[in-house]
Number of protein chains: 2
Amino acid sequence: MNPLDAVFNAKSVAVVGASQNPEKTGHIILRNIIDGGFGGEIYPINPKGEEILGARCYSTLSEVDGEIDVVVIVVPAKFVPGVMEEAGKKRVKGAVVISGGFSEIGNEELQEEVVRIAAEHGVRVIGPNCQGFNYTPNHLCASWPLVRKQGPIAVISQSGTVGATLEMWAEDDEIGISSFVALGNKCDVSETDLIEFFAEDPNTKVISLYIEGVKDGRVFMDTVTRARRKKPIVVLKPGKTHKGMRAVQSHTHSIAGKDEIFDAVCKQTGIVRANDITELYDYSKALGFLKKPAGNRLLIVTSSGGCGIIATDTAEEGGIDIVGLSDGLKKSLTEALPSQCVVQNPLDLTGDTPAERYKESVEIALAEGKIDAFLLIFGDPIPGACEVVKDLKSRTKKPIVVSYLGGGEIEREEGKRLHQNGTPVFQTPERAVRALCVLLSSL
Amino acid sequence: MNPLDAVFNAKSVAVVGASQNPEKTGHIILRNIIDGGFGGEIYPINPKGEEILGARCYSTLSEVDGEIDVVVIVVPAKFVPGVMEEAGKKRVKGAVVISGGFSEIGNEELQEEVVRIAAEHGVRVIGPNCQGFNYTPNHLCASWPLVRKQGPIAVISQSGTVGATLEMWAEDDEIGISSFVALGNKCDVSETDLIEFFAEDPNTKVISLYIEGVKDGRVFMDTVTRARRKKPIVVLKPGKTHKGMRAVQSHTHSIAGKDEIFDAVCKQTGIVRANDITELYDYSKALGFLKKPAGNRLLIVTSSGGCGIIATDTAEEGGIDIVGLSDGLKKSLTEALPSQCVVQNPLDLTGDTPAERYKESVEIALAEGKIDAFLLIFGDPIPGACEVVKDLKSRTKKPIVVSYLGGGEIEREEGKRLHQNGTPVFQTPERAVRALCVLLSSL
């Protein structure tokens, strides 16, 4: 059993520095744990001993009778060693140090003291100077914002904002996440510990990583090589430019290292490298939902001629084959479809198409068997898109990716339903195709 | 006066083929004209002569007593010449032919007949085979979807879906558009006619173009050269790859032409070329709101260290200088800001910053005078962002761009208010910086 299992699947949590003031982090985290629906014991710790959010408050950790699996620490830095000592004595499994004021501002010694105490007692430490963690399968949001929706993506991030952004996009889209873990100063638990955990975690399908540097290159390489046999990993790592590297230095004191070397590591280990936050999300979504297609032959079915062309350009540039239709397939489609449809690849069903026509077209192409993946572009408010894709998915294992745009309220509704049903939807054809390219090039 | 002025600023509109059936285009367009708040006369035309949406219906155009400026035609292709004849006799200024069934499916002759009749009577024709037009200053949405919000962007699009997508994003963001015109088969009114009109239109600040080909290269070049003296133009033109070009052929029968030549035309005339729909929107937004900065020295002020690094990388790659802070500026900032702030460029105000601290920082930098533009990154729910930017804008004409992410409901609210206030907001720091790069390289 991975030692972090006891942390993520904790049965009891204490928040040291819980506060009655709704603007304080010690209040927000406690509230998110409660509102997130955590089913275990919750112990707010505050020297004043008052009741917070309806929960009985304890003045110290030692005062708690029951076992405590995880301690979330939100008190000022100088008090953290003392709290860690107490936590150790209570035999907690993990401590999440939210508080800043350690190595990031030059207080290396204080951080080392915390690490030493934790190690003596076998306590694993996340942070310090971090945004906590959220593990939706255990309804444990010891972090902010409160994101409840469970989904395939585990986000590991050295930036609270980048992680929170991914969480919120995934929640808005009704995709959800399995987890978000903020790395902070990585005094103990590092990206590799987490990659190892999520590689085995049955609730996670893809690991989505924002890092500014790696602790130990060799360990990183070994870990991801093993993890990649289980799950896809997507990474965003800035610090490519000289000034970007310098900014990394002052943010997390990481060594960004030569970007060419990191890039080579990604290629060798099969990590997908995202170029920006949007790609990190898009690629995680595609890899979290779909398997690699058997080949690179894509059929585009669209209600918008323009979007079909845009998708074609993007695909051709990315090594996807917008394969010509065989005479047989052309004949079957021409017979089945109304005369205004343009029977080519992209297959243009034209603006007034009902969703049903997509189904018919894909079924005919499936029968011929020469297409490896499908991109369906709904370029208007076309109700029933989700039902059609659901039907098709019951007939084929080949990847189906959707782009839905220009569809207003119906687009939003269908998009969410498609995500709930495990089909990735993208706001533009370019984003859909780029995600498909990544799917294709994944190991 | 541009002859299209009488069309966009029409005082009366007829919809030929108006329908009682809410699913028909002839119903949707009539409803959008009514619901859009058009202040002029509205004449639904339908041979059955029934009342539609509370408006009296006429059986033919000739039956209408008053003048008609614009006729929207939604009847089957074969009836269009007859309607055009009638429209000509009524001395309408413009006809918008929504109906398909012309050159796009090989019916060149029918289309030529329509053009001939229109020309005889001096009627300008938009379309056929198009999604109509929307001109918000005149509250005239002879198109779909219904988009009412008035804003700086004029969208000219050979794809209904691409145009509608831009309209809807602009409405969602509370930016709005001045116009959307669908080009369709361009039998008469072409992109150059429209560019000419919008270059002079006082309600338009930027022209946003999706085209698959140009009618006449020389005319295009001359027109945009003139228009560019007045306004920025952003263009998305697919058909870069061989298969993309072929898809253009079957969509609008345009000749995509060699992409290198079009690219050279853009560079020579100062048209900004977007690589995808997202860029088309982002660049239009930036150019619609902001003037070119005096130089390329950018100060990044951020609550998220990670996002600051990402922005730095993107800026450096795009030719923006993340200029080092002078000793004087460093000193002033250090004195003014709390100790946890990282006084560098990017200036990291750290996670718990109030909006007020952004104002203070930018004011100090303004006093020194060595920064040309500002990127403010709000990487958390930070209320008051809009007020701060508003204050700053009253003190400086230097461009201020905002990226807001990880902020949930507060982000959405502040984003809309910032847009209403004329500040472009981007969902990620990369998108913000790329838009800044375009602003900088604009003529």
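About the criteria used
- Residues numbered from 1 in each chain as written.
- Chains lettered and ligands numbered in written order.
- Predicted model: local features only at pLDDT ≥ 70, side-chain atom pairs only at ≥ 80, totals over all residues.
- Heavy atoms only, no water.
- 1 Å grid on protein atoms, 1.4 Å probe; cavity = no way out; pocket = protein on both sides within 12 Å on 5 of 7 lines; lining within 4 Å.
- Points joined across faces, edges and corners; volume = space filled by probe spheres on them.
- Helix = DSSP H or I, 4+ residues; strand = E, 2+ residues; numbered from the N terminus.
- Nonpolar A, V, L, I, M, F, W, Y, C, P; charged D, E, K, R; others polar.
- Buried < 20%, exposed > 50% of the residue type's maximum accessible area, 1.4 Å probe, protein only.
- Pairing = 2+ DSSP bridges.
- Contact = heavy atoms within 4.5 Å.
- Least-squares fit on C-alpha atoms with pLDDT ≥ 70 in both.
- Axes fitted to C-alpha atoms, helices over the stretch in contact; angles between N-to-C directions.
- Parallel < 35°, antiparallel > 145°, perpendicular 65-115°, else oblique.
- Left-handed = near helix turned anticlockwise from the far one by under 90°.
- Phe/Tyr/Trp six-rings, centres within 6.5 Å; stacked < 30°, edge-to-face > 60°.
- Lys NZ or Arg CZ within 6 Å of the ring centre and 35° of its normal.
- Salt bridge = Lys/Arg side-chain N within 4 Å of Asp/Glu carboxyl O.
- Domains from an automatic or database assignment.
- Buried area = accessible area lost by both parts, 1.4 Å probe.
- Polar contact = N/O pair within 3.5 Å; in protein donor to acceptor, adjacent residues only side chain to side chain.

## Things to note about empty space enclosed by the protein
Part 1: Applying the stated criterion to the full structure yields six cavities of 30 Å³ or more.
Part 2: In this structure, the largest cavity spans a volume of roughly 90 Å³.
Part 3: Every residue lining the largest cavity is listed: Ala247, Ser250 and His251 of chain A together with Thr302, Ser304, Gly305, Ile309, Val342, Gln344, Pro346 and Asp348 of chain B.
Part 4: Secondary-structure elements contributing two or more residues to the lining of the largest cavity are helix H8 (242-252) of chain A together with helix H11 (305-317) of chain B.
Part 5: The biggest single contributor to the lining of the largest cavity is H8 of chain A, with three residues.
Part 6: By residue class, the composition of the lining of the largest cavity is four nonpolar, six polar and one charged.
Part 7: The computed volume of the second largest cavity comes to approximately 70 Å³.
Part 8: Thr302, Gly305, Ile309, Val342, Gln344, Pro346 and Asp348 of chain A together with Ala247, Ser250 and His251 of chain B are the residues that line the second largest cavity.
Part 9: Going through the elements one at a time, helix H11 (305-317) of chain A together with helix H8 (242-252) of chain B are the ones with two or more residues in the lining of the second largest cavity.
Part 10: Here the lining of the second largest cavity takes three residues from H8 of chain B, the largest share from any one element.
Part 11: When the residues that make up the lining of the second largest cavity are grouped by side-chain class, the tally is four nonpolar, five polar and one charged.

## A short note on the pairing of strand S6 (residues 132-135) of chain A
All names here are of chain A.
Part 1: Both faces of S6 are covered, namely the face carrying Gly132 and Asn134 and the face carrying Phe133 and Tyr135.
Part 2: In terms of strand pairing, S6 meets strand S7 (residues 140-143) through four bridges, oriented antiparallel. When the sheet's bridge partners are listed, Asn134 is paired in S7 with Cys141.
Part 3: With antiparallel pairing between neighbouring strands as the criterion, S6 and S7 make up a hairpin whose turn holds four residues, including His139 at a positive phi of roughly 50°.
Part 4: Note that S6 and strand S9 (residues 177-182) share three bridges and pair antiparallel.

## Notes on the environment of Ile277 of chain A
Part 1: With respect to the element layout, Ile277 of chain A can be found in helix H10 (residues 277-289).
Part 2: Classification of Ile277 of chain A by relative accessible area gives buried; the value is 0%.
Part 3: In the structure, Ile277 of chain A is positioned 115 residues away from Val162 of chain A in sequence and 7.3 Å away in space, judged by C-alpha atoms.
Part 4: For Ile277 of chain A, the contacting residues outside a window of four places in its chain are Val162, Thr165, Leu166, Trp169 and Leu236 of chain A together with Ile310, Leu405, Thr428, Pro429 and Glu430 of chain B.

## Looking at the relation of the copies chain B and chain A
Part 1: The two copies are related by a screw operation: chain B maps onto chain A through 180° of rotation and 0.0 Å of translation along the axis, at an RMSD of 0.0 Å. The superposition operator between the copies reduces to a two-fold rotation axis. Residue Thr278 of chain B, judged by its C-alpha, is the member of chain B lying nearest the rotation axis, at 5.6 Å.
Part 2: When the interface residues of chain B are mapped onto chain A, 100% of them are again interface residues, pointing to one common binding face.

## So, the sheet that holds strand S13 (residues 298-302) of chain A
Residue and element names in this part refer to chain A.
Part 1: Spatially, five strands are ordered S14-S13-S15-S16-S17 in an open sheet, and the strand pairing comes out parallel. Edge positions in the sheet fall to strand S14 (347-348) and strand S17 (425-426), since each of these pairs with one other strand and no more.
Part 2: Bridge count between strand S15 (residues 373-378) and strand S16 (residues 400-404): five bridges; the pairing is parallel. Following the sheet pairing, Ile377 is matched in S16 by Ser403.
Part 3: Strands S13, S14 and S15 of the sheet are contacted by helix H13 (residues 356-368), whose axis makes an angle of about 165° with S15.

## Structural notes on the packing of helix H14 (residues 385-393) of chain B against helix H15 (residues 408-420) of chain B
The packing of two helices is summarised by the inter-axis angle and the distance between the axes.
Residue and element names in this part refer to chain B.
Part 1: Interaxial distance between H14 and H15 falls to 8 Å at its minimum, and their mutual angle equals 25°. Relative to H15, H14 is oriented roughly parallel. Relative to H15, H14 is oriented so that their crossing is right-handed. Contact with H14, carried on its side by Ala385, Cys386, Glu387 and Val389, involves Glu414, Arg417 and Leu418 of H15 and no other residues of that element.
Part 2: Considering only residue class, the contact of H14 with H15 consists of four nonpolar, no polar and three charged.

## Focus: the sheet that holds strand S2 (residues 41-45) of chain B
Either a parallel or an antiparallel arrangement is found when strands of a sheet pair, and the pairing is made through backbone hydrogen bonds.
Residues and elements named next belong to chain B.
Part 1: With respect to topology, five strands assemble into an open sheet ordered S2-S1-S3-S4-S5, the strand pairing being parallel. Looking at which strands have only one partner, the edges of the open sheet turn out to be S2 and strand S5 (124-126). Going from strand to strand, the sheet's axes swing by 20° on average, the running direction of each strand aside.
Part 2: Note that strand S3 (residues 70-73) and strand S4 (residues 94-97) share four bridges and pair parallel.

## Side note on the packing of aromatic side chains
Part 1: Applying the stated rule across the entire model yields 22 aromatic pairs over all chains.
Part 2: Considering the side-chain rings of Phe8 of chain B and Phe198 of chain B, the 5.5 Å spacing of their centres and the 50° angle between planes classify their relative orientation as tilted. Note that Phe8 of chain B is positioned in helix H1 (residues 5-8) and Phe198 of chain B in helix H6 (residues 191-200), a separation of 190 residues in sequence. We note that Phe8 of chain B, like Phe198 of chain B, is buried.
Part 3: One aromatic cluster in this structure is built from Phe8, Phe133, Tyr135, Phe197 and Phe198 of chain A.
Part 4: Of note, Lys285 of chain A hangs over the ring of Phe426 of chain A, and the distance from its end group to the ring centre comes to 4.6 Å.

## Quick look at the pattern of salt bridges
Part 1: According to the stated counting rule, one finds 51 salt bridges over all chains in the structure shown.
Part 2: A salt bridge links Arg395 of chain B to Glu363 of chain B; the nearest nitrogen and oxygen atoms lie 2.4 Å apart. Remark: Glu363 of chain B occurs in helix H13 (residues 356-368) and Arg395 of chain B occurs in the loop between H14 and strand S16 (400-404); sequence separation between them is 32 residues.
Part 3: Looking at Arg395 of chain B, the relative accessible area reads 51%, which means it is exposed.
Part 4: The exposure class of Glu363 of chain B is partly exposed, given its relative accessible area of 25%.
Part 5: Connected via shared salt-bridge partners are Asp259, Asp263, Lys267 and Arg273 of chain A.

## Looking at the domain arrangement of chain A
Residue and element names in this part refer to chain A.
Part 1: Along its sequence, chain A is carved into domain 1 (1-144), domain 2 (147-289) and domain 3 (291-441).
Part 2: If you average the C-alpha positions of domain 2 and of domain 3, the two centres end up 30 Å apart.
Part 3: Listed as interface residues are 13 residues of domain 2 and, on the opposing side, 14 residues of domain 3.
Part 4: When domain 2 packs against domain 3, the two sides together hide about 1200 Å² of surface, and 65% of this comes from carbon and sulfur.
Part 5: In this structure, the connection of domain 2 to domain 3 is made through one salt bridge.
Part 6: Where Arg431 meets Asp282, a salt bridge forms, and the shortest distance between an N and an O atom there is 2.8 Å.
Part 7: Broken down by element, the residue count for the side of domain 2 that touches domain 3 peaks at seven residues, all from H10.

## Structural notes on the interface of chain B and chain A
Part 1: The interface is formed by 56 residues belonging to chain B together with 56 residues belonging to chain A.
Part 2: Taken together, both faces of the contact between chain B and chain A bury some 4100 Å²; the carbon and sulfur share is 57%.
Part 3: Broken down residue by residue, the surface that chain B buries against chain A is led by Thr161, Lys243 and Ile309 of chain B, which jointly contribute 14%.
Part 4: The tally of links between chain B and chain A comes to eight salt bridges.
Part 5: Across the salt bridge formed by Lys243 of chain A and Asp321 of chain B, the nearest N and O atoms sit 2.8 Å from each other.
Part 6: There are 22 residue pairs in polar contact (both at pLDDT 80 or more) connecting chain B and chain A.
Part 7: Going through the elements one at a time, helix H5 (160-172), H8, helix H10 (277-289), H11, H15 and helix H16 (429-441) of chain B are the ones with two or more residues in the side of chain B that touches chain A.

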